[in-house]
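Observations on the model geometry
Given next are the chains, with one letter for each unit.
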Amino acid sequence: MIGVSAYAERARWAAWDMPASVVPQRYLDKVLAAGGTPVVLPALPGVDGVLSRLDGLLLVGGGDVDPARYGAVPHRANGPVNPVRDAAELALLREALAQRLPILGICRGLQLMNIVLGGTLHQHVPDVVGHEGHTGGEGVFVRHAVHLHPRCGLARALDRTTLEVPSSHHQAIDRLGRGLTACAWADDGLIEAVELDGHPFTVGVQWHPEADAEVAIFSALVTAAMIPAPAVV
């Protein structure tokens, strides 16, 4: 049973136009294809209380996190922030870490992982790397190479150290959070994946594996979720 964080957005369907909790279907499909059962977690106060009934957590992509969460002044290129979603997902992440649940963070999910552990973000990647090769614009993925350290768990799960990934982001990790180890990089040196030391499975990736055909990363999450968490002493 894998909890999947939801967007809190205004949405339209049939004759309706109103606030809604939504998750792109491809995230749910990938969890299901990997052998898990996805459980959508809306951005509501107290939603983290359900984690004791679940076996893992998937934090999906989305908009920019409020830079006040990591002590920064907003960049002019930032999009609108969603404080309700920020609060709910940060609470989910803290509780999942406390319970030592397996966690996979995708794009925004990786960035939240870094923030909750005391790290910071580059608010506009082109300012850092000098190009716009990490995004094709709103709603468009580009592909670029990622290189994984051969000794990281993610490289073992994917059974390779270089891959082409679908990417769409303008923010990325700057200072690493406590206990996080960078384990993959783009050609320009940008951190593309992290793992949390001392936890059974806490992985964040900056790219969007849900947009690829393979399910290896999701299978790694589901496999970890099948193993009972060790008792905290």
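Residues numbered from 1 in each chain as written. Predicted model: local features only at pLDDT ≥ 70, side-chain atom pairs only at ≥ 80, totals over all residues. Heavy atoms only, no water.

As named in an unreviewed UniProt entry, the protein is Glutamine amidotransferase, taken from Actinoallomurus oryzae.

The subject of this paragraph is the overall build of the protein. Check the secondary structure of the protein and you find six helices and 13 strands. Seen through its principal axes, the protein has C-alpha atoms that stretch 50 × 45 × 35 Å. Considering the protein as a whole, with its 233 residues, one finds that 50% of them fall into the buried category. Here the contacts in the protein between residues at least 6 apart in sequence split such that 66% fall between residues at least 24 apart. (Helix = DSSP H or I, 4+ residues; strand = E, 2+ residues; numbered from the N terminus. Buried < 20%, exposed > 50% of the residue type's maximum accessible area, 1.4 Å probe, protein only. Contact = heavy atoms within 4.5 Å.)

Taken together, the buried positions of helix α1 (residues 25-33) are Tyr27, Leu28, Lys30 and Val31. Seen end-on, α1 carries its buried residues on one side only, within an arc spanning 160°. What points out from α1, more than 90 degrees from its buried face, is the exposed set Leu32 and Ala33. One or two residues past the end of α1 sits glycine 35, with phi positive at roughly 100°. (Arc of directions from axis to C-beta.)

This part is about the side chain of aspartate 212. Following the sequence through the fold, aspartate 212 ends up in the loop between β13 (202-205) and α6 (216-225). At 3.0 Å, the side chain of aspartate 212 forms a polar contact with the side chain of arginine 143. Here aspartate 212 is in contact with Lys30, Arg143, Glu164 and Pro166, once residues within four sequence places are set aside. (Polar contact = N/O pair within 3.5 Å; in protein donor to acceptor, adjacent residues only side chain to side chain.)

Further remarks concern the sheet that holds strand β4 (residues 38-41). A sheet is described by the order of its strands in space; here nine strands give the open sequence β4-β1-β5-β6-β13-β12-β11-β8-β9, paired in mixed fashion. Because the sheet does not close on itself, it has two edges, and the strands there are β4 and β9 (162-167). If you compare each strand with its neighbour and ignore which way they point, the axes differ by 25° on average. The pairing of strand β5 (residues 56-59) with strand β6 (residues 103-106) spans three bridges and is parallel. Bridging from a neighbouring strand, leucine 59 pairs with glycine 105 of β6. (Pairing = 2+ DSSP bridges. Axes fitted to C-alpha atoms, helices over the stretch in contact; angles between N-to-C directions.)

Another aspect to go through is unusual backbone geometry. Look at alanine 14: it is not a glycine, yet its phi comes out positive at around 50°. Relative to the helices and strands, alanine 14 is located in the loop between β2 (7-13) and β3 (16-22). The exposure class assigned to alanine 14 is exposed, which follows from its relative accessible area of 83%. Of note in the backbone geometry, aspartate 159 takes a positive phi value of approximately 60° without being a glycine. Relative to the elements of secondary structure, aspartate 159 occurs in the loop between α5 (153-158) and β9.

Here the idea is simple: oppositely charged side chains can pair when their charged atoms come close. Tallying each qualifying case throughout the model produces six salt bridges. Residue arginine 10 pairs with aspartate 17 through a salt bridge whose shortest N-O separation is 2.9 Å. Given the relative accessible area of 57%, arginine 10 is considered exposed. Glutamate 89 serves as the salt-bridge partner of arginine 108, at 2.7 Å between the closest nitrogen and oxygen. Within this pair, whereas arginine 108 is found in helix α3 (residues 108-116), its partner glutamate 89 is found in helix α2 (residues 83-99), the two being separated by 19 residues in sequence. Like arginine 108, the residue glutamate 89 is buried in the burial classification. Ionic contacts of the salt-bridge type, sharing partners, join the residues Arg85, Asp86, Glu89 and Arg108 into one network. (Salt bridge = Lys/Arg side-chain N within 4 Å of Asp/Glu carboxyl O.)

Taken as a whole, this structure holds zero aromatic pairs when the rule is applied. Over the aromatic face of tyrosine 7 sits the side chain of arginine 85, whose NZ or CZ is 4.3 Å from the ring centroid. (Phe/Tyr/Trp six-rings, centres within 6.5 Å; stacked < 30°, edge-to-face > 60°. Lys NZ or Arg CZ within 6 Å of the ring centre and 35° of its normal.)

The subject of this paragraph is the packing of α2 against α3. Here α2 crosses α3 at 65°, and the two axes come no closer than 10 Å. The angle between the axes of α2 and α3 places the two elements in the roughly perpendicular class. When you trace α2 past α3, the crossing you get is right-handed. Contact with α2, carried on its side by Arg85, Asp86, Glu89, Leu90, Leu93, Arg94 and Leu97, involves Arg108, Leu112, Met113 and Val116 of α3 and no other residues of that element. The class makeup of the residues in the contact of α2 with α3 is six nonpolar, no polar and five charged. (Parallel < 35°, antiparallel > 145°, perpendicular 65-115°, else oblique. Left-handed = near helix turned anticlockwise from the far one by under 90°. Nonpolar A, V, L, I, M, F, W, Y, C, P; charged D, E, K, R; others polar.)

Our focus in this paragraph is α3. For α3, a buried count of nine out of nine residues is recorded, marking the element as mostly surrounded by other parts of the structure. Along α3, the residues classified as buried are Arg108, Gly109, Leu110, Gln111, Leu112, Met113, Asn114, Ile115 and Val116. Of the residues trailing α3, glycine 118 is marked for its positive phi of about 90°.

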